[in-house]
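Listed here are the chains, written in short residue letters.
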Amino acid sequence: MPFVRRGDVTAWRPLLALLLLAAWEVGSGQLHYSVPEEAKHGTFVGRIAQDLGLELAELVPRLFRVASKGRGDLLEVNLQNGILFVNSRIDREELCGRSAECSVHLEVIVDRPLQVFHVEVKVKDINDNPPVFRSREQTIFIPENRQLDSHFPIEGAADADIGTNALLTYTLSRNDYFSLDIQASDELSKSLSLELRKSLDREETPELQLLLTATDGGKPELEDTVQLLVKVLDVNDNAPMFDQAAYRIHLLETVANGTLVTTVNASDADEGVNGEVVFYFGSDVSPNLLDKFKIDSISGEVRLAGNLDYEETKSYEIQVKAVDKGSPPMSSHCKILVKVLDVNDNAPELAITSLSLPIREDAPLGTVVALMTVSDRDSGANGQVTCSLTPHVPFKLVSTFKNYYSLVLDGVLDRENVSHYKLVVTARDGGSPSLLATDSVSVEVADVNDNAPVFAQPEYTVFVKENNPPGSHIFTVSARDADAQENARVSYSLVERRVGERALSSYVSVHAESGRVYALQPLDHEELELLQFQVSARDAGVPALGSNVTLQVFVLDENDNAPVLLAPWSQGSGGAVSELVSRSAGAGHVVAKVRAVDADSGFNAWLSYELQAAAEDERSPFRVGLYTGEISTTRSLDEVDAPRQRLLVLVKDHGEPALTATATVVVSLVENGQSPKASLRASTGVSGQEVTLVDINVYLIIAICAVSSLLVLTLLLYTALRCSAPHTEGACGPGKPLVCSSAVGSWSYCQQRRQRVCSAEGPPKTDLMAFSPGLSPGLSTSERNEHPEANLDLSSNVSSNLSLDFKFLFQI
């Protein structure tokens, strides 16, 4: 607060009274204060924070700030106490000239949320300017023969203040000849003249010294004086007379230079040179006015010499002086009052004062995006401005105060559809023709994590060969997120579960960034044919969104298992089996049968049998079935055949490359008198089962009946077990033994395969597969006809093999 000396208290009491009477009101969102001009720095104006309903503690966090048009340092706000005070010298005359109303318009802006308040501070005039005469002395020439009551114009004083402070009163020093005559055209415009009250006598009084005092109406009163020197003449006793005391003219602000404004006319009753009149602008005409107008001294024509601007000056008052050529010359005065008419020559001005960008795509309706102000220097309809916005956009303009607009959200935003808006604001005035101004606002839409990553398809099928190297890449998953930046950064992970007794992560892994899926260990088709799992894709948004995709990895078989001989041969090819054959046996007699299985599948498990080349010479009476493994005679045995023959059978699969196993059969030929039942089958370390050949037709009937009965019973038991078995989701179990067919159609036990079919949905399935008997396409018709004993042995093989298979199924 400003400090004053004790002796100045009396002088400050009027100012303090004005400050205490400063009022505010809230109307249409605007505060009103008043402050006298020339107030010292720190002078209290108003408690603006309290009047706006704002707490002192929130001024700084909400970025409280004050902006004003024009000079922005006149007023300031103390953010500690919320008081609006005078910051620098306020000169009303410099700020507003002679305008009756003078105000400083402030905009108070606070953020979080964004608000704008409008404050009008009215600057009150004080009597700080005394009346001023243009010169310290005025000389007046008056002929001695002038009549009483004659008037002689004199120049008055000017006061830069307004209102009562500019209301001047004039007093003339006491004398016997003149009195002061004042003619008021309005309250502030007065014409002064000396009125002759007593006849002059140049010989008696050649000149008079008078003192004219001008006093204004302010408190305290201020005054100025001018010396009037009256010189009495004794010639030319008639002054020029104008036909009008005032000429009133209206001009459009757009009229061209040289346009005739008016023609003044004055007449002089004298004759000759004393009656010739010339015209001049008065000595009190300002230089600015001399730049705008010119007068022809002979004709009295007043023409426009410069450009008019209604927004700069709305009216002109021109003093014209008519002087005759007498000696001494006589003169008179008149006024030309020029009123400038507004023309729509100023386009609106559009300004964006505050932006709140970018805007989130989930912003609620009514969110303020920007604040705008419009103005037009024209008046009336020419200065009335309306604003419009680019159509078909989710925004609208809301008028918050006269010529103040807010750009607010009017629709739902979706950055994935439109991420940027270029809005064009058009301000158009009401003139004819109307003028407009445009400004653009670029609105960026900020992303919100509202889109989850999406895979191209819900499920992928992948084929991988078994025995793959550890860490090999088997597939790449990819998900797309429609969001942007962090919200679109996708990371991948496995949906962990157990595969049998092991964790899924021990089989496969996925790279978090690239989505590449790797097999962590060699896969075994015989152990795991199908690995089904899910990969999760999640973005980096908050909160994170995600989705899953299912991968079905089928493990393709490779020929990595050699054929394995079944009993009576031991594992591998190191054992031998002995068989006794009567020399009386005919062609096609079955000596033995080699059985083998292959853990692989498909062609890799399709076995064929052949005798080694050393054993297959022209004299050998034995052959082996290509796909049955049955060793039979090719002809009748005779005496020349060796009594002990060693047969080497090669068992080979159809893989690439093919894998093999060998079986050794030692055939001993016996005489007809020896019983085949007495023969023994021996091998190194393995004892075999004795096989007795019986009547073919009897066994065929028995085999067919047994197979039919067991098949029906097995199907009934299988159906009952399937219906009563509990369902366990996501289970993985060992594979069931299969009943399969050899290439020639005989039933045989293939293998007990410890394979797993793993799925996240439902229990493992065990299927019973039955194939109708048939010969391999590799065996020609002639070959079948050549070996009818193979067909005859079919029934016994079917019976024995199916018995073994069904026995195994029941054990399950």
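As the structure is a prediction and not an experimental result, all values here were calculated from the model. (Residues numbered from 1 in each chain as written. Predicted model: local features only at pLDDT ≥ 70, side-chain atom pairs only at ≥ 80, totals over all residues. Heavy atoms only, no water.)

## Some words on the overall build of the chain
Line of reasoning, step 1. Helices and strands together make up the secondary structure of the chain, namely eight helices and 54 strands.
Line of reasoning, step 2. The buried share among the 812 residues of the chain stands at 42%.
Line of reasoning, step 3. Considering only contacts in the chain between residues 6 or more positions apart, those separated by 24 or more positions represent 67%.
Line of reasoning, step 4. Working note: accessible area of the chain is about 42700 Å², and carbon and sulfur atoms make up 53% of it. (Helix = DSSP H or I, 4+ residues; strand = E, 2+ residues; numbered from the N terminus. Buried < 20%, exposed > 50% of the residue type's maximum accessible area, 1.4 Å probe, protein only. Contact = heavy atoms within 4.5 Å. Areas by Shrake-Rupley, 256 points an atom, 1.4 Å probe, with all protein chains shown as cover.)

## Quick look at the sheet that holds strand E22 (residues 315-324)
Line of reasoning, step 1. Spatially, E16-E23-E22-E19 is the arrangement adopted by the four strands of the open sheet, whose pairing is mixed. Edge positions in the sheet fall to strand E16 (246-252) and strand E19 (277-281), since each has one partner strand and no second. If you compare each strand with its neighbour and ignore which way they point, the axes differ by 25 degrees on average.
Line of reasoning, step 2. Judged from the nine bridges that link them, E22 and strand E23 (residues 331-341) form a sheet pairing that is antiparallel. Paired with Ile-318 across the bridge in E23 is Ile-336. (Pairing = 2+ DSSP bridges. Axes fitted to C-alpha atoms, helices over the stretch in contact; angles between N-to-C directions.)

## Observations regarding the confidence of the model for the chain
Line of reasoning, step 1. Per-chain confidence: the chain averages 79 in pLDDT, with 79% of residues scoring 70 or above.
Line of reasoning, step 2. Predicted confidence for residues 675-695 stays below pLDDT 50, and this span has 29 contacts to residues more than four positions away or in other chains.
Line of reasoning, step 3. Across residues 727-812, where pLDDT falls below 50, the model places 159 contacts with residues more than four positions away in sequence or in other chains. (pLDDT = per-residue confidence, 0-100.)

## Considerations on the environment of Val-535
Line of reasoning, step 1. In this structure, Val-535 sits in strand E41 (residues 528-539).
Line of reasoning, step 2. Separated by 58 residues in the primary sequence, Val-535 and Val-477 have C-alpha atoms spaced 8.1 Å apart.
Line of reasoning, step 3. For Val-535, the residues in contact, after removing those within four places along its chain, are Phe-455, Val-477, Tyr-492, Ser-493, Leu-494, Val-495, Val-510, Ser-547, Asn-548, Val-549 and Leu-551.

## Section: unusual backbone geometry
Leaving glycine out, the prevailing phi sign among residues is negative, and the prevailing peptide bond configuration is trans.
Line of reasoning, step 1. The omega torsion of the bond from Ala-567 to Pro-568 falls at 20 degrees, within 30 degrees of zero and hence cis.
Line of reasoning, step 2. Structurally, Pro-568 is set in the loop between strand E43 (564-565) and strand E44 (576-582).
Line of reasoning, step 3. Residue Pro-657 follows Glu-656 across a cis peptide bond; omega there is -5 degrees.
Line of reasoning, step 4. Inspection of the secondary structure assignment puts Pro-657 in the loop between strand E50 (644-653) and strand E51 (660-670).
Line of reasoning, step 5. Of note, Asn-403 is a non-glycine position whose phi angle comes to about 65 degrees, a positive value.
Line of reasoning, step 6. Note that Asn-403 resides in the loop between strand E28 (395-401) and strand E29 (404-409).
Line of reasoning, step 7. Residue classification places Asn-403 among the partly exposed positions, given a relative accessible area of 23%.
Line of reasoning, step 8. With a phi close to 65 degrees, Asn-467 is a non-glycine residue in the positive phi region.
Line of reasoning, step 9. Turning to its location among the elements, Asn-467 is positioned in the loop between strand E33 (459-465) and strand E34 (472-476).

## As for the state of the cysteines
Line of reasoning, step 1. This structure, assessed with the given rule, holds one disulfide.
Line of reasoning, step 2. Two residues share a disulfide in this structure: Cys-96 and Cys-102, whose sulfurs sit 1.9 Å from each other. Its S-S torsion of about 70 degrees marks the bond between Cys-96 and Cys-102 as right-handed, since a negative value means left-handed. (Disulfide = S-S within 2.5 Å.)

## Quick word on the side chain of Asp-598
Line of reasoning, step 1. Tracing the backbone shows Asp-598 in the loop between strand E46 (596-597) and strand E47 (607-611).
Line of reasoning, step 2. Note on Asp-598: relative accessible area 4%, which makes it buried.
Line of reasoning, step 3. Polar side-chain contacts of Asp-598 include one of 2.9 Å to the backbone nitrogen of Asp-600. (Polar contact = N/O pair within 3.5 Å; in protein donor to acceptor, adjacent residues only side chain to side chain.)

## Some words on the pattern of salt bridges
Line of reasoning, step 1. The full count for this structure, using the stated rule, is 19 salt bridges.
Line of reasoning, step 2. Between Arg-65 and Asp-111 there is a salt bridge; the shortest N-O distance is 3.4 Å. Here the residue Arg-65 occupies a position in strand E3 (residues 65-68), and Asp-111 occupies one in the loop between strand E6 (103-110) and strand E7 (115-124), the gap between them amounting to 46 residues.
Line of reasoning, step 3. It is possible to trace a salt-bridge network through shared partners that takes in Glu-38, Arg-89 and Asp-91. (Salt bridge = Lys/Arg side-chain N within 4 Å of Asp/Glu carboxyl O.)

## Brief notes about the sheet that holds strand E20 (residues 293-295)
Line of reasoning, step 1. Strand order in the open sheet made by the three strands is E17-E21-E20, with antiparallel pairing throughout. Each having just a single partner strand, strand E17 (260-263) and E20 make up the two edges of the open sheet. Here the strands of the sheet are splayed against their neighbours by 20 degrees on average, with no regard to which way each runs.
Line of reasoning, step 2. Sheet analysis places E20 next to strand E21 (residues 301-304), joined by three bridges and oriented antiparallel.

## Comments concerning the nonpolar core
Line of reasoning, step 1. If you look at the biggest cluster of nonpolar residues, it comprises 27 residues, and the most contacted ones within it are Tyr-492, Val-508, Leu-531, Phe-533, Val-535 and Leu-551.
Line of reasoning, step 2. At the level of elements, E33, strand E36 (490-494), strand E39 (508-510), strand E40 (516-519), E41 and strand E42 (546-556) are the ones that each hand at least two residues to this core.
Line of reasoning, step 3. At five residues, the largest contribution of residues to this core is made by E41.
Line of reasoning, step 4. Look past the residues within four positions of Phe-533 in its chain and what remains in contact with it is Leu-494, Arg-497, Leu-504, Val-508, Val-517, Val-549, Thr-550, Leu-551 and Val-553. (Core = buried A, V, L, I, M, F, W, Y, C linked by side-chain atoms within 4.5 Å.)

## Considering the environment of Gly-258
Line of reasoning, step 1. Looking at the element boundaries, Gly-258 is found in the loop between E16 and E17.
Line of reasoning, step 2. Owing to a relative accessible area of 33%, Gly-258 belongs among the partly exposed residues under this scheme.
Line of reasoning, step 3. Remark: the alpha-carbon pair of Gly-258 and Phe-293, spanning 35 residues in sequence, is separated by 8.9 Å.
Line of reasoning, step 4. Excluding residues that lie within four positions of it along the chain, Gly-258 makes contacts with Arg-303 and Leu-304.

## Observations regarding the packing of aromatic side chains
Line of reasoning, step 1. A complete count under the given rule lists ten aromatic pairs for this structure.
Line of reasoning, step 2. Pairing Phe-133 with Tyr-170 gives two aromatic rings, centres 6.5 Å apart and planes at 65 degrees, and the pair type is edge-to-face. Taken together, the residues Phe-133 in the loop between E7 and strand E8 (137-143) and Tyr-170 in strand E10 (residues 169-172) connect sequence positions 37 residues apart.
Line of reasoning, step 3. Among the residues examined, Phe-133 registers a relative accessible area of 3% and is labelled buried.
Line of reasoning, step 4. By relative accessible area, which is 11% here, Tyr-170 ends up buried.
Line of reasoning, step 5. With 5.3 Å between their ring centres and 75 degrees between their planes, Phe-293 and Tyr-316 make a pair best called edge-to-face. (Phe/Tyr/Trp six-rings, centres within 6.5 Å; stacked < 30°, edge-to-face > 60°.)

## Things to note about the side chain of Ser-472
Line of reasoning, step 1. In this structure, Ser-472 sits in strand E34.
Line of reasoning, step 2. With relative accessibility at 16%, the residue Ser-472 sits in the buried group.
Line of reasoning, step 3. Of note is the side chain of Ser-472, whose polar atom sits 3.1 Å from the backbone oxygen of Pro-469.
Line of reasoning, step 4. Those residues in contact with Ser-472 that lie beyond four places of it in its chain are Val-517, Tyr-518 and Ala-519.

## Some words on the pairing of strand E5 (residues 83-86)
Line of reasoning, step 1. What you see with E5 is no split at all: Ile-83 and Phe-85 on one side and Leu-84 and Val-86 on the other are buried throughout.
Line of reasoning, step 2. In the sheet, strand E2 (residues 44-46) pairs with E5 via two bridges, with the strands oriented antiparallel. Within the sheet, the bridge partner assigned to Gly-46 lies in E5 and is Leu-84.
Line of reasoning, step 3. Where strand E4 (residues 75-78) and E5 come together, four bridges link them in antiparallel fashion. Pairing of Leu-75 across the sheet is with Val-86, part of E5.
Line of reasoning, step 4. The hairpin turn running from E4 into E5, its antiparallel successor, is four residues long, and Gly-82 in that turn takes a positive phi close to 70 degrees.

## Focus on the environment of Pro-348
Line of reasoning, step 1. With respect to the secondary-structure elements, Pro-348 resides in the loop between E23 and strand E24 (349-355).
Line of reasoning, step 2. The spacing of Pro-348 and Val-374 is 26 residues in sequence and 6.7 Å in space, taken between C-alpha atoms.
Line of reasoning, step 3. Contacts of Pro-348, omitting those with residues within four sequence positions, involve Ser-375, Asp-376, Val-385, Ala-427, Arg-428, Asp-429, Leu-435, Leu-436 and Ala-437.

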